[in-house]
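Examining the three-dimensional arrangement
What follows is the residue order along each chain.
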Amino acid sequence: MRKDQDNQKKTQQQRKLSKAWPDFAARLSAVLSVLQEDEFLVISDKRFNQCVQFVGQGFFGIRLETTSDYYRDDAHQLTDVQIAGLVDLGLQLPSRIPEDSDPQNDPDGSPNFYLETPNPIDFDSLAALAVNVLTVLNVPYAGYLEYDAFSHVDGNSLSFPALGLRREIYSEDSDTNPKLPQLLLNTLSELTGVDTWVFDNDGEIGGVHFCSVTAYVKILSDTPWIRIYAPLIENVMESPVLLTRLNELNVEYGFMHLFHQNGTIFALSDIPVSPFNVSIVAHGLGNFFQIADEINGVLRAEFGDAGALPNKTVGKVTH
């Protein structure tokens with residue numbers, strides 16, 4: 001077995017690399033140099049679910065991640081040689097399973113292979129590293145790749161034509177990605193340990209619970225996004241004080257939108273699913289629950305503890 005692994009590693013090291021990789025690395029370096037805080041760049045394999053993604057972290061630099069076996073199907077599990085290759089490049093092994101993907105318990109880790117690149121960043125070196133990761137993953141050349149990019153704060157899509165890659169964007173009809181509903185159900189199952197989630201007659205998944213928050217999840221039919229929202233407190237009278245406080249919290253938390261409708265305070269967030277990256281979706285869902293639970297405690301202390309009944313139809317958003 002050891003001899004076979006050595007032979008595989010030797011073969012991989014001797015494999016000829018595409019002459020197009022250095023040019024792609026230069027273009028990637030230029031794009032990474034303008035990646036801002038809370039912006040994501042996801043470079044995906046067109047053939048199956050594997051990617052290299054970059055997360056702009058402002059003062060803290062850029063994080064690079066690549067897909068672990070947790071998010072791969074049985075036919076595309078990483079070999080021991082590939083895992084060793086990623087570690088040799090400096091990537092950290094996954095530090096937690098998706099079900100425990102809690103940034104509060106493991107703020108520096110990930111269920112993926114990952115690497116933190118602190119400032120000041122050598123963008124040429126980071127781009128070259130990403131190319132090496134892609135070759136370890138057996139991506140022959142950049143023509144096998146496509147990308148997506150977006151801001152996690154305001155949900156806006158970003159365009160980087162300088163990459164020279166096709167950008168994957170679903171059309172306005174979510175049915176063009178027929179696997180999306182099942183992918184979402186699978187991700188919720190992995191995140192919660194519950195495998196009985198279903199869509200109701202309104203096209204929503206209800207009763208997703210964490211601490212004080214119970215949420216609904218739905219696929220937005222007119223954009224490549226999913227929406228998660230939760231009623232926090234019912235029977236709250238609208239007032240200038242309340243609306244000012246909600247606006248303050250919206251500014252503070254960025255991606256979380258708080259609003260008052262029909263006597264109920266809601267929390268809402270949209271998460272991109274084009275392409276469907278399990279790590280990003282799971283992180284977005286987990287982050288929503290963590291922040292919504294924290295905000296719920298703050299608002300109950302300030303505006304009363306009438307309490308939302310999470311499974312009541314009255315708790316649904318009507319716009």
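So, a few notes on the structure that sits alongside this text.

Cut-offs applied
- Residues numbered from 1 in each chain as written.
- Predicted model: local features only at pLDDT ≥ 70, side-chain atom pairs only at ≥ 80, totals over all residues.
- Heavy atoms only, no water.
- Helix = DSSP H or I, 4+ residues; strand = E, 2+ residues; numbered from the N terminus.
- Contact = heavy atoms within 4.5 Å.
- Areas by Shrake-Rupley, 256 points an atom, 1.4 Å probe, with all protein chains shown as cover.
- Salt bridge = Lys/Arg side-chain N within 4 Å of Asp/Glu carboxyl O.
- Buried < 20%, exposed > 50% of the residue type's maximum accessible area, 1.4 Å probe, protein only.
- Phe/Tyr/Trp six-rings, centres within 6.5 Å; stacked < 30°, edge-to-face > 60°.
- Pairing = 2+ DSSP bridges.
- Expected span 1.5 Å × (residues − 1).
- Polar contact = N/O pair within 3.5 Å; in protein donor to acceptor, adjacent residues only side chain to side chain.
- Axes fitted to C-alpha atoms, helices over the stretch in contact; angles between N-to-C directions.
- 1 Å grid on protein atoms, 1.4 Å probe; cavity = no way out; pocket = protein on both sides within 12 Å on 5 of 7 lines; lining within 4 Å.
- Points joined across faces, edges and corners; volume = space filled by probe spheres on them.
- Nonpolar A, V, L, I, M, F, W, Y, C, P; charged D, E, K, R; others polar.

With that settled, the discussion passes to the overall build of the protein. A tally of regular secondary structure across the protein gives seven helices and eleven strands. For the protein, restricting intrachain contacts to residue pairs at least 6 apart in sequence, the fraction spanning at least 24 positions comes to 63%. When the accessible surface of the protein is summed, it comes to about 15,600 Å², and 52% of that surface belongs to carbon and sulfur atoms.

Before going further, it helps to examine the pattern of salt bridges. Any two side chains of opposite charge can pair, so long as their charged atoms come close to each other. Tallying each qualifying case throughout the model produces ten salt bridges. For Glu116, the salt bridge goes to Arg63, with nearest N and O atoms at 2.6 Å. Taken as a pair, Glu116 in strand β4 (residues 113–117) and Arg63 in strand β3 (residues 62–66) lie far apart in primary sequence, 53 residues in all. On the accessibility criterion, Glu116 (35% relative accessible area) is partly exposed. Residue Arg63 is classed as buried on the basis of its relative accessible area of 7%. Here the salt bridges share partners, and the residues they tie into one network are Arg63, Glu65 and Glu116.

By the secondary structure assignment, Leu158 is in the loop between β5 (145–151) and β6 (166–167). Put simply, Leu158 and Asp148 are ten residues apart on the chain and 7.7 Å apart in space, counted from C-alpha to C-alpha. Aside from chain neighbours lying at most four places away, what touches Leu158 is Glu39, Tyr147, Ala149, Phe150, Ser151 and Arg167.

With that settled, the discussion passes to the environment of Asn296. Positionally, Asn296 belongs in helix α7 (residues 278–303). Sequence separation between Asn296 and Val213 is 83 residues; the distance between their C-alpha atoms is 7.8 Å. Once residues lying within four places of it in the same chain are set aside, the contact partners of Asn296 are Ser212, Leu232 and Ile233.

Attention shifts here to the packing of aromatic side chains. All chains considered together, the criterion is met by nine aromatic pairs. Ring geometry for Phe210 against Phe289: centres 6.1 Å apart, planes inclined by 55 degrees, an arrangement best described as tilted. Placement of the pair is Phe210 in strand β7 (residues 204–210) and Phe289 in helix α7, with a sequence separation of 79 residues. Residue class for Phe210 comes out partly exposed when judged on its relative accessible area of 27%. Members of the aromatic cluster, connected to one another through ring pairs, are Tyr216, Tyr229, Phe259 and Phe266.

Looking now at the sheet that holds β3. For sheets, the rule is that strands pair by backbone hydrogen bonds, running either parallel or antiparallel. Here six strands make up an open sheet; going across it, the order is β4-β3-β2-β1-β5-β6 and the pairing mixed. Of all the strands in the sheet, just β4 and β6 have a single pairing partner and so form its edges. Here β5 runs beside β6; their pairing, made up of two bridges, is parallel. What sits directly across from Glu146, in β6, is Arg166.

With 14 residues, helix α4 (residues 123–136) extends 20 Å between its outermost C-alpha atoms, agreeing within 8% with the 20 Å of an ideal straight helix rising 1.5 Å per residue. Considered for burial, the residues of α4 that qualify are Leu126, Ala127, Leu129, Ala130, Val131, Val133, Leu134, Thr135 and Val136. The backbone nitrogen of Asp124 lies 3.2 Å from a side-chain oxygen of the residue at the head of α4, namely Asp122. Two residues or fewer after α4 comes Asn138, characterised by a positive phi angle close to 65 degrees.

In space, the five strands of this open sheet follow the order β7-β8-β9-β11-β10, with antiparallel pairing throughout. In this open sheet, the two strands that pair with only one neighbour each are β7 and β10 (257–261). Neighbour-to-neighbour, the strand axes of the sheet open up by a mean angle of 30 degrees, direction not taken into account. Packing of helix α6 (residues 240–253) onto the sheet brings it into contact with β10 and β11 (264–272), and relative to β10 it is tilted by some 160 degrees. Relative to the sheet, α7 contacts β7, β8 (213–220), β9 (225–233), β10 and β11, its axis offset from that of β9 by approximately 20 degrees.

What follows deals with empty space enclosed by the protein. In total, this model carries four cavities of 30 Å³ or more according to the counting rule given. Reported here for the largest cavity is a volume of approximately 60 Å³. For the largest cavity, the full set of lining residues is Asn49, Cys51, Gln53, Glu65, Thr66, Thr67, Tyr71, Asn112, Asn277, Val278 and Ser279. Taken together, the residues of the lining of the largest cavity sort by class into three nonpolar, seven polar and one charged.

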